[in-house]
Each structure stands twice: as structure tokens, then as C-alpha cells.
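Each chain is listed here by its residues.
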Amino acid sequence: MLEIEIDGKKAQVPDGSTVMDAAQQLGVYIPHFCYHKKLSIAANCRMCLVQVEKAPKPLPACATPVTNGMKVFTHSDLAVKAQKGVMEFLLINHPLDCPICDQGGECQLQDMSVGYGPMQSRYTEEKHVVFHKEVGPLISMQEMSRCIHCTRCVRFGQEVAGIMELGMANRNMHSEIMTFVGRSVDSELSGNMIDLCPVGALTSKPFRYTARSWELQRRKSVSPHDSVGANLVVQVKHDNVMRVLPRENEAVNECWISDKERFSYQALNSDARLTKPMVKQGGEWREVEWNVALDYVAHGLKDIVRDHGGDAVAALAAQHATVEELFLLGKLMKGMGSGNIDFRARQSDFGTDFKRAGAPWLGMRLAEIKDLDAALVVGSFLRKDHPLIAQRLRQAAKKWTKVSLLSVAGDDQLIKLYGSLTVAPSQLALALAAVVRAAAEAKGVAVPAGLENAAVCDESRKIAASLLEGEKRAIFLGNVATQCADATQLHALANQLGAITGATVGFLGESGNTVGAHLAWALPNQANARQMFEQPRRGYVLYGVEPELDCANPQPVMAALKQAAMVVVMSPFKSPAALEYADAILPVAPFTETSGTFVNIEGRIQSFNGVVKPRGETRPGWKVLRVLGNVLNLDGFAYTSSEQVRDEVLGAGAEFAAGLDNGLNGVAIALPAAAATSGLQRIADVPIHFADPLARRAPALLQTADGVAPTLRAAAATLAAIGVESGASVRVRQGNGETVLVARLDDQVPAGCVRVAAAHPTTAMLGEMFGDITVERA
């Protein structure tokens, strides 16, 4: 520890700290622009110049290391004169357009100019003008003359997002921030550049000119999209959500959020919102009052239960529904004598049901990822499925963490990978088995039964060796690992590998309340999410889910819904498909209009309140389910608040949930045959902006590179075998569904596979996400 004195205040700081670090520890404010605690030190704005005893000239606080006994003066005449001089230079070319600048009222330059700026400019020469740049639908670079070249946006792209999309060209007063040869900014974390910009050079294009900062009320919330449970600041004007920003929480999302979390608010104010209950009578839809709609639903469900029994009714919920909503939905089904409730719409293998030791979770705290010595991610489109977890692994890999990936597509994760294997989905379990065998052989223990013939390669040995080194190691199972046909085997193999290597086994989680859904016991004791449609029921309740886009195989789902006597949809949105198969559509509130609780992937319990009034006749989902339970004359629905429901499920006052355990009981390893599939196999990723109803209705997100319509992607050899070339139209068939797509060359797709995204209207009629598929020239 080193001793330092700043403006008469003494402190002890670790060796290697800068003067800025010491000042923040003491609560001493030093003005700055280019410095940010999460970015590397650039020291190019010079606003943080301070006087250091015995130094011949002012020094930048952000780049000056502390020495023992150092004395620093931040408000001496020399320091203030230097800071004011820097401020005058920064304002030389800056336009005087604060009244029309979107950053007005929350601009660091504006604030600094009050304290350090000159009363009038001495600069009378012609100002340097920088022309606007088009970088995509999310970030506006319309007034780049405002840029002060702090390079925060450049460093964020390189260091946090992992890709240098912006850079500085030219020199001195002619310097400009621009993209490489006119490309757009496409990172899934790009919106954080808007927050980092200390002036009005980078602003939010969807928010632009819609409100001033002082008109907005700031309210706390939690994201439903990401399994991290990012903390949000939702900014509201006249009961409309106008903007979403990150709320700093170092233990959860640090100070970042993904673009999906930032811009999906557009859907909340869209024309697609359902604002009044609707029922279908005589084949025609009409809006009704709530009491009429609930009576209609209750009578329909009662009639089915009376005539066919409770097993004739099933419920499918979304993973981003709150703990309270999921618990009450489960209670409603059980009250009617049905054990058919599930939230795992995209899952196809349910072999772990009744064999799990507890609710699946990350296996560690999110903040511990940075301390890992090695990590293996199995079956994940990591960057797009879990942007904030990918960001944490990216930072860890820059230090000492050996990050390896076992995946079904060789997408660039923008992470320095130690080892990587890309295989077909049908071979994923075999590839993980090879790593297990290699780890057992390297450690000198017996190879687990059934794995003696697993084909070990150099890369699997390398991955296994990394998991045997160091103190803290982890194995993470991603979305593909839980959605594919070998999910049970992958879980068992991961546990086996963890037992051999001493690594922690965890799940990355599909949505914002995946863990909470397990804890709320929204799980079947009869038919699971697959069986309830393959063995059609008479009645269905769909909560927050759009089965035509959200299910592993939409074909049997749609067939079952169309034959049902009663389909009740509870959703904030009115979808064209629901108007075809539903009999009643009830408008329930999205997360911004209700109170509730999400449990993130590390088991952290995060409750939130509604930030705006429900739109139109929309009602909080937990209240709708409570009243429906009362209308059905079921016991145990006398709740007066969502907190009362939460405390019944999770206990009062707990910060972290209990009952989290990734163990399995009674699951034997039985690997699939090496040739488990014939013909072509589909690899179905879920595009980041189509993963849930909110994101897929946000216009700005749909205009990004991640919002384009799916294509068929395959390696050159696969395209040649089909007899098509890149750019040609192909007809794709699965089961009784087909669609026409454009073929694209992608050598990162494994041989014998084609990559066709799910959860998109153009591919919604296809079948299994990882099933056999037929492709021919259109």
C-alpha cells in the first residue's frame, strides 16, 4: 500500500493505482472526459491535469501512478489554470447548439464549461466542421462536429464489445471518429457507446428529438430479456417509456446493457399492443369488458374439465414471465386438476424431469467469472444468446482465463479462445464425451463407463488439460445444450467432467426468469411442453408465449391449438397467429406496467415495480390470474399484492434463492451412435432480436444486421452436394412445412448441416430446431 495526500486528505491505495483512483477513493472530484473506470487509460483529453508536488508541470491524474508520499493539489492556481486552458481548447471548434442538442441537460461538456470554461471565446478563425455519418438504426452520428476526441467509443468497441467498429482518422484538428470504409456499427452492445459519449456526438437514434432529459422521470427496473437480469433505469414521460439506460450494479451487469434491453422499449408503445380483452364469437372477434372475458374463459375451462377431466387442459408460459405470474398460473392449473404446465417451449429432451437435485443455475456468482482459470462453454451462440456473460468471459480471457468453446457453429465470439470444437448438433454429446475421456486419462483416473470408445482428438485433449489446471474452473451449458435432443446426456456428461476436473457446472439460462420459473414450480407432473401438443388437449392457456415462434417444433403445436375447444392467450400483444387459433385474448401487462420478481441465473432475487400505468384496459398478469382463480371458485387465490405471492414462493427478505443445484439423480450415460442422423441436419439459432415478443416488435432492432430475415447458411461442400451456389434460392422442407430462402456460403457451419434460424415468421412453419431437413433448388 502507498500513501498519498490529495488536497490535504490522506489515503492508502494499492501499488499501481493512479491519482484518479486515489481521488475517487477519497471522494475528491477531478474533472475528466476520456477517463472511464472500465476502459483503458488514454489521457488524451488532458482535462484531469493536477499539480503534483515537485513536478515541473501539471500531470494528468488518470495516467499518473501514485508514488509513496505523493502530494497532489487539484484546485491550486496551477491546476485550475491548466484545466481552464484545456477547456478553452476543447471549445474552440465545438458548435454552440446546446438548445437543440439531444445531450442538453446531461452533457459533461456543458457542465464542465460552467465551472472551467471562458466567458467568451478568443478564437475568431473558421471552425472545423465534420460531416455526419450513417452507422445504422441505433446510433446517430449526425453532429460529429461536437466530438471532442475522447475516444471512449473507440476503446469500448475494442476492449468491451471485442470489435473495433469505430476508429479515429486524420490528425490534430482534422481528426474524425468514423467507421471502417463506411460500415455500420453492428455489435450487440453498441448502444453503450451512447452512454459513454460525454458530449452530443453519439446519440440514440430512436430517442432523438422525442424528449428533453429534464422532462423525464427515472425509475428502476429489471430486464426480462437476459438471464443476467440486468438492472435498468427506465425513463418515463406522460406514462410512456421514452428511454432505457443501464443502472450500475457491479455484481450483475456492471454498467452495460445489450441493445435488445436498451431499445426493445419501442414495442411497449407500438400499435401491436392489446389494450382491451377480446373474445371470438361466431368466428368474429369483439372487444368486451373484463368481467365478460373472464366469465367466458372460466366457463370454457370448466366445461372442458367437467366433460374430459383436468388432464384435458394445459398451460404454456414464457420464461420471461415473473415468479408471481408463473406460480399463480401453476396454481390455477393444479386447482383444475391438471399437471400440464411448462415454460420450456424450445426444449425437446425432458429426460431430467424428476431427476434434478434442484433448480438449474450458473453454479457461481456472475462476479466470479473474472476469477476463473479456465472455462468451457458447451452449446451456445454465446455473443447473441448471452451478450453480458460473453463480455465478462471476454475480459477474463484477456487476463489469464483459458476460455474454450464446444459449439454447433463457428461464429466469431470476439473472445480469445484457448480451444474450440465445432460439430453437428447430433455430435455434440460425443464431442463432450471425448473431453470427459481425455480429462480422465490426463488425470489418471478410470474412464467413466460408456465412454471408453469416445473419439479423442488433440483439441479435446487441450480443452481437458485446461480444465485440470488452476484453482477455479467452470463448465457452462448454453441454450443449444438445453434445447437439442441430447440435453439430458449433455447435462450428465458435464457433471461427469466436473467431478473429474473439480470444475463447477452451470447453465447460462435462456431468459430473464429461467431460474425463477423452476423455483415457482411451473413444471409438469403430467405432460411436458412437448407432450401437451403432440398429445392434443381440449383446452390451452398460453401466457406471454407465441408458440408459432417460441416452440421447438411449431408444427404439432399449431395443429393442436387449431383443434382445441378453448385457447386462452394472455399477452401484451395481439398477434395475427393468435387471432386464428385463440378463443379469448386477455391483455396482461409487460414488465414495465406491473410489479413482480425475476430470479437471475446466479439465483439473485430482484423485485421491481411498474414504471408506468397499464395501457388501456391492460391489467397486471398476477391480478388477472388471481381473479380467474376466484371466478373458477378455486382455493388459495386471496392475494392482495404481488409481494405476498413472492414471499410464499421465495421466502421473505431473501437476497438469493435456495434450492439451486445442478446435480442429477438416476441418469445413466448412453451416448448416441456416431451416425445419429441421415441427410442434412438443421442448426437453428434464435436471432437475438427475435427471442421474445418485446424485442421482435421493436422497429429499430429489426433494422439492424441482427434483425434481417434468415437465410440458409452452409459450407461450400454442403452447398455443392445440394447443387446450389451462394445467392441462389432454395426450397426448405421439414415435416409438412416449407419455405423458400436464399442460400449463403458459411464455412463455419459443420459439414452435413444447414443453419436456418428459428423464431422468425419466414421460418415459423418449419419443424424441429435441430432435426432432419430437406433442401433443394427452388
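None of the values given here were measured: they were computed from a predicted structure.

1. Some words on the UniProt feature "domain: 4Fe-4S Mo/W bis-MGD-type" (unreviewed entry) in the protein chain
As annotated by UniProt and renumbered to match this structure, "domain: 4Fe-4S Mo/W bis-MGD-type" (unreviewed entry) occupies residues 216–272. The straight-line gap between the two end C-alpha atoms of residues 216–272 is 24 Å; of that span, 9% is helix and 35% is strand.

2. Considering the sheet that holds strand S16 (residues 313–317)
Read across the sheet, seven strands follow the order S15-S14-S25-S24-S23-S16-S17 without closing on themselves; strand pairing throughout is mixed. Single-partner strands in this sheet number two, and they are strand S15 (284–287) and strand S17 (341–342). In terms of strand pairing, strand S14 (residues 278–281) meets S15 through four bridges, oriented antiparallel. Paired with Gln-281 across the strands is Glu-284, a residue of S15.

3. Details of the pairing of S16
Burial analysis of S16 places five of its five residues in the buried class, the great majority of the element. Here S16 shows two buried faces, one formed by Val-313, Ala-315 and Ala-317 and the other by Ala-314 and Leu-316. Pairing between S16 and strand S23 (residues 539–543): five bridges, direction parallel. Each residue of the ladder has a partner; that of Ala-317, found in S23, is Tyr-543. Sheet topology note: the S16/S17 ladder contains two bridges and is parallel. When the bridges of S17 are listed, Ala-315 appears paired with Ile-341.

4. Side note on the sheet that holds strand S2 (residues 9–13)
Taken in spatial order, the five strands of this open sheet run S2-S1-S5-S3-S4, and their pairing is mixed. What marks the edges here is a single partner per strand, and that holds for S2 and strand S4 (59–60). Sheet topology places strand S1 (residues 2–6) next to S2; five bridges connect them, and they run antiparallel. The partner of Glu-5 across the bridge, within S2, is Lys-10. Where helix H1 (residues 19–26) meets the sheet, its contacts fall on S1, S2, strand S3 (49–52) and strand S5 (70–73), and the angle it forms with S2 comes to roughly 115°. Sitting on the sheet, helix H2 (residues 77–90) is in contact with S3 and S5, with an inclination near 160° to S3.

5. Observations concerning the environment of Met-769
Relative to the helices and strands, Met-769 resides in the loop between strand S32 (753–755) and strand S33 (772–777). Among the residues examined, Met-769 registers a relative accessible area of 3% and is labelled buried. For the pair Met-769 and Glu-452, spaced 317 residues apart in sequence, the C-alpha separation works out to 30 Å. Residues within four places of Met-769 in sequence aside, it is in contact with Arg-346, Gln-483, Ala-552, Arg-682, Ile-683, Ala-684, Val-686 and Ala-758.

6. Some details on helix H12 (residues 458–467)
Ser-460, Ile-463, Ala-464, Ser-466 and Leu-467 are the residues of H12 that are buried. One face of H12 carries all of its buried residues, which in axial projection span an arc of 160°. Buried residues belonging to H12 abut strand S18 (374–378), strand S19 (402–407), strand S20 (417–422), helix H11 (428–443), strand S21 (473–477) and helix H14 (487–501).

7. Thoughts on unusual backbone geometry
The residue Asn-170 is not glycine, and still its phi comes out positive at about 70°. We note that Trp-521 has phi near 55°; this positive angle belongs to a residue other than glycine. Position of Trp-521 relative to the elements: it lies in the loop between helix H15 (514–519) and helix H16 (531–534).

8. A few points about the packing of aromatic side chains
A full pass over the atoms with the stated rule returns three aromatic pairs. Ring centres 5.1 Å apart and planes at 55° place the aromatic pair Phe-156 and Trp-256 in the tilted group. Highlighted residues: Phe-156 in helix H4 (residues 152–161) and Trp-256 in the loop between strand S13 (240–246) and helix H6 (259–263), separated in sequence by 100 residues. Side by side, Phe-156 and Trp-256 carry an identical accessibility label, which is buried. Ring centres of Phe-533 and Tyr-540 lie 5.0 Å apart, and the angle between their planes is 10°; this geometry places the pair in the stacked category. For Phe-533, a relative accessible area of 2% corresponds to the buried category. Looking at Arg-243, its charged tip hangs above the ring of Phe-207, at a distance of 4.3 Å from the centre. Positioned above the aromatic ring of Tyr-418, the side-chain terminus of Lys-462 is 4.8 Å from the ring centre.

9. Considerations on the pattern of salt bridges
As enumerated under the stated definition, the model contains 47 salt bridges in all. When the shortest N-O distance is used, the salt bridge between Arg-755 and Asp-685 registers 3.4 Å. With Arg-755 in strand S32 and Asp-685 in the loop between strand S28 (680–683) and helix H22 (699–702), this pair connects stretches of sequence that are 70 residues apart. Residues Arg-755 and Asp-685 agree in their burial class; the two are buried. A single network of salt bridges, built from pairs that share partners, joins Arg-346, Glu-510, Glu-546, Asp-550, Arg-696 and Arg-697.

10. A closer look at helix H8 (residues 323–335)
Taking 1.5 Å of rise per residue, 13 residues should cover 18 Å, and H8 covers 18 Å from first to last C-alpha, within 8% of that figure. Along H8, 10 of the 13 residues are buried, which leaves the element largely enclosed by surrounding structure. Of all the residues in H8, the buried ones are Val-323, Glu-324, Glu-325, Leu-326, Phe-327, Leu-328, Leu-329, Gly-330, Leu-332 and Met-333. The first or second residue beyond H8 is Gly-337, which carries a positive phi of 85°.

11. Quick look at the pairing of strand S12 (residues 231–237)
For S12, a buried count of seven out of seven residues is recorded, marking the element as mostly surrounded by other parts of the structure. Burial along S12 is two-sided: Asn-231, Val-233, Gln-235 and Lys-237 and Leu-232, Val-234 and Val-236, pointing in opposite directions, are all buried. Bridge count between strand S11 (residues 217–222) and S12: six bridges; the pairing is antiparallel. When the sheet's bridge partners are listed, Gln-217 is paired in S12 with Val-236. With six bridges joining them, S12 and S13 adopt antiparallel strand pairing. When the bridges of S13 are listed, Leu-232 appears paired with Pro-246. Taking the residues that link successive antiparallel strands as the turn, the S12-S13 hairpin has two residues, and the phi of His-238 there is positive, at about 55°.

12. Focus: the side chain of Gln-483
Relative to the helices and strands, Gln-483 resides in helix H13 (residues 479–483). For Gln-483, a relative accessible area of 5% gives the class buried. Not counting the four nearest positions on each side in its chain, Gln-483 is found in contact with Arg-346, Gln-347, Ser-348, Glu-510, Met-769 and Phe-770.

13. Focus: the environment of Arg-46
Topologically, Arg-46 is positioned in the loop between H1 and S3. Classification of Arg-46 as partly exposed rests on a relative accessible area of 36%. Residues Arg-46 and Ala-82 lie 36 residues apart in sequence; the distance between their C-alpha atoms is 8.9 Å. Filtering out sequence-adjacent residues up to four positions away, Arg-46 remains in contact with Pro-60 and Val-86.

About the criteria used
Residues numbered from 1 in each chain as written. Predicted model: local features only at pLDDT ≥ 70, side-chain atom pairs only at ≥ 80, totals over all residues. Heavy atoms only, no water. UniProt positions renumbered as here; feature names shortened; annotations may be inferred. Helix = DSSP H or I, 4+ residues; strand = E, 2+ residues; numbered from the N terminus. Pairing = 2+ DSSP bridges. Buried < 20%, exposed > 50% of the residue type's maximum accessible area, 1.4 Å probe, protein only. Contact = heavy atoms within 4.5 Å. Axes fitted to C-alpha atoms, helices over the stretch in contact; angles between N-to-C directions. Arc of directions from axis to C-beta. Phe/Tyr/Trp six-rings, centres within 6.5 Å; stacked < 30°, edge-to-face > 60°. Lys NZ or Arg CZ within 6 Å of the ring centre and 35° of its normal. Salt bridge = Lys/Arg side-chain N within 4 Å of Asp/Glu carboxyl O. Expected span 1.5 Å × (residues − 1).

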